[in-house]
Amino acid sequence: MIAKLEGFESNTANRLGNSTSSEVRSSSSGQSDYRGAQGLDPDLVKKIEALYGFDKPAIERFGDMLVNYFTFDFGDSFFRDKSVIGLIIEKLPVSISLGLWTTLLAYLISIPLGIKKAIKHGEPFDIWTSSIVIIGYAIPGFLFAILLIVLLAGGSYFNIFPLRGLTSTNFESLSTFAQIKDYLWHITLPVFASVVSSFAMLTMLTKNSFLDEIGKQYVITARAKGLTEQQVLYGHVFRNAMLIIIAGFPSAVVGIFFTGALLIEVIFSLDGLGLLGFESVLSRDYPVIFGTLFIFALISLFMNIISDITYTLIDPRIDFESRE
């Protein structure tokens, strides 16, 4: 009814049947017949088309996009008065800071714990540590973060750690030692919440990988030669068992840095890259979305290269030369 009063045809079949002739074509006066453009100045429509590149052929726009992405020129944000690459550079240190600490602690805890569990398989140590690992895996990281806030950040019990941010407001005026202390004070709870949700799977993967290698024939042979348990474990088993862990390193790092840290950044008000990408999706800020996805993919490819290089360092028998 409203459409008829306004002079528009409300019949759906007529709209669908005549879409190419009535909604897309332009009138002789230069005013577009498309409803979204009605009431807009034709010069403004042309400026908008030029702004987003719709005045060029598709193949030319695609070529320009490849050149821009190769030079890290992602354009400007639709809703922020900054370039996309400027936003990424501004937010990246927060995500890197959180991700590096989480990755470092997760691997430092998981690998020794997984090896110990493999050696003590079936013993009381393995049983009670498995219980802790399962509980840590079952509790989502964001829920554990909320629990930490309630217990230790002034929620209901203790007010030991700050509630938000990566540094204090007077950070610039502090001495170097005080800045380090302030930074570690702020990063403790976010890192702890991220580590708890990250180390469980890695611990069990390490344990199962070592158990699989310990039962192989070469380990029995090494023990028969009179080698000590430490020599067998770290001289023979370690290199082979670590290959499967290294294979999952790129995806684990990307997940820890960005995907897994998203809710942690929101809860602790850490203005990082994961939060930037999430807000861009909600606001449909497409240049920022594509820019962050490009950076994620680039970091993932770089991690894969690091993983391949690590293969050869751990096991020199592995190389990537072609064989005839």
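None of the values given here were measured: they were computed from a predicted structure.

A count of helical and extended segments in the chain gives 15 helices and zero strands. Here the chain holds 324 residues, and the buried ones make up 33% of them. Partitioning the contacts of the chain with sequence separation of at least 6, the portion at a separation of at least 24 is 64%. For the chain, the exposed area adds up to about 19900 Å²; of that, 65% sits on carbon and sulfur atoms.

With that out of the way, let us pick up the side chain of Ser130. Inspection of the secondary structure assignment puts Ser130 in helix 7 (residues 124-138). The class of Ser130 is buried, set by a relative accessible area of 15%. In terms of polar contacts, Ser130 uses its side chain to reach the side chain of Lys117, at 2.5 Å. Setting aside residues up to four positions removed in sequence, Ser130 forms contacts with Lys117 and Lys207.

This part is about the packing of helix 7 against helix 9 (residues 176-214). Relative to each other, helix 7 and helix 9 sit at 135°, their axes nearing to 8 Å. One finds that helix 7 runs oblique with respect to helix 9. Handedness of the crossing formed by helix 7 with helix 9: left-handed. Taking contact as the criterion, the partners of Asp126, Ser130, Val133, Gly136 and Tyr137 in helix 7 are, on helix 9, Val196, Ser197, Phe199, Ala200, Met201, Thr203, Met204 and Lys207. Residue composition of the contact of helix 7 with helix 9, grouped by class: seven nonpolar, four polar and two charged.

Here the largest pocket defines a volume of roughly 810 Å³. Lining the largest pocket are 21 residues, and of these Leu51, Tyr52, Gly53, Asn68 and Phe74 sit closest to its centre. Breaking the lining of the largest pocket down by element, the ones donating at least two residues are helix 4 (42-51), helix 5 (58-70) and helix 15 (286-314). For the lining of the largest pocket, the element with the most residues is helix 5, which contributes six residues. Per-class residue counts for the lining of the largest pocket are 12 nonpolar, four polar and five charged.

Before going further, it helps to spend a moment on the packing of aromatic side chains. Taken as a whole and judged by the stated rule, the model has seven aromatic pairs. Grouped by ring-pair contacts, the aromatic residues Tyr69, Phe72, Phe74 and Phe294 constitute a single cluster.

With that settled, consider the environment of Lys82. Mapped onto the secondary structure, Lys82 falls in the loop between helix 5 and helix 6 (84-119). Contacts of Lys82, omitting those with residues within four sequence positions, involve Asp76, Ser77, Leu87 and Glu90.

It is worth spelling out the environment of Phe294 at this point. Residue placement: Phe294 occurs in helix 15. Considered as a pair, Phe294 and Phe74 are 220 residues apart in the sequence and their alpha carbons are 9.5 Å apart. Contact partners of Phe294, with chain neighbours within four places excluded, come to Tyr69, Phe72 and Phe74.

This next bit is on the pattern of salt bridges. The tally for this structure, following the rule as stated, stands at eight salt bridges. Put simply, Arg80 and Glu279 hold a salt bridge, and the shortest N to O gap is 2.9 Å. Placement of the pair is Arg80 in the loop between helix 5 and helix 6 and Glu279 in helix 14 (residues 273-283), with a sequence separation of 199 residues. On the basis of relative accessible area, Arg80 is assigned to the partly exposed category, the value being 28%. Lys216 is the salt-bridge partner of Glu213, the closest N and O atoms lying 3.1 Å from each other. Glu213 gets classed as buried once you look at its relative accessible area, which sits at 9%. Put simply, Lys82, Glu90 and Lys91 are held in one network by salt bridges that share partners.

Right, let's talk about the packing of helix 9 against helix 11 (residues 229-247) for a bit. Following both chains from N to C, one finds helix 9 and helix 11 inclined at 130°, their axes separated by 9 Å at the closest point. By the angle between their axes, helix 9 is oblique relative to helix 11. As helix 9 packs across helix 11, the resulting crossing turns out to be right-handed. Here helix 9 contributes Leu202, Leu205, Thr206, Ser209, Phe210, Glu213 and Ile214 to the contact with helix 11, which in turn contributes Leu233, Val237, Phe238, Asn240, Ala241, Ile244 and Ile245. Here the contact of helix 9 with helix 11 is built from residues that sort into 10 nonpolar, three polar and one charged.

Let us now look at the side chain of Glu213. As for its placement among the helices and strands, Glu213 is situated in helix 9. Side chain to side chain, Glu213 and Tyr218 meet in a polar contact 2.7 Å long. Beyond its immediate sequence surroundings of up to four residues, Glu213 is in contact with Tyr218, Val219, Val237, Asn240 and Ala241.

Below, the discussion takes up the environment of Leu293. Residue placement: Leu293 occurs in helix 15. Sequence spacing of Leu293 and Gly277 is 16 residues, and the spatial spacing of their C-alpha atoms is 8.2 Å.

Taken over all residues, the pLDDT of the chain has a mean of 76, while the share at 70 or more is 79%. A low-confidence stretch, residues 1-30 (pLDDT under 50), is modelled with 23 contacts involving residues beyond four sequence positions or located in other chains.

About the cut-offs
Residues numbered from 1 in each chain as written. Predicted model: local features only at pLDDT ≥ 70, side-chain atom pairs only at ≥ 80, totals over all residues. Heavy atoms only, no water. Helix = DSSP H or I, 4+ residues; strand = E, 2+ residues; numbered from the N terminus. Buried < 20%, exposed > 50% of the residue type's maximum accessible area, 1.4 Å probe, protein only. Contact = heavy atoms within 4.5 Å. Areas by Shrake-Rupley, 256 points an atom, 1.4 Å probe, with all protein chains shown as cover. Polar contact = N/O pair within 3.5 Å; in protein donor to acceptor, adjacent residues only side chain to side chain. Axes fitted to C-alpha atoms, helices over the stretch in contact; angles between N-to-C directions. Parallel < 35°, antiparallel > 145°, perpendicular 65-115°, else oblique. Left-handed = near helix turned anticlockwise from the far one by under 90°. Nonpolar A, V, L, I, M, F, W, Y, C, P; charged D, E, K, R; others polar. 1 Å grid on protein atoms, 1.4 Å probe; cavity = no way out; pocket = protein on both sides within 12 Å on 5 of 7 lines; lining within 4 Å. Points joined across faces, edges and corners; volume = space filled by probe spheres on them. Phe/Tyr/Trp six-rings, centres within 6.5 Å; stacked < 30°, edge-to-face > 60°. Salt bridge = Lys/Arg side-chain N within 4 Å of Asp/Glu carboxyl O. pLDDT = per-residue confidence, 0-100.

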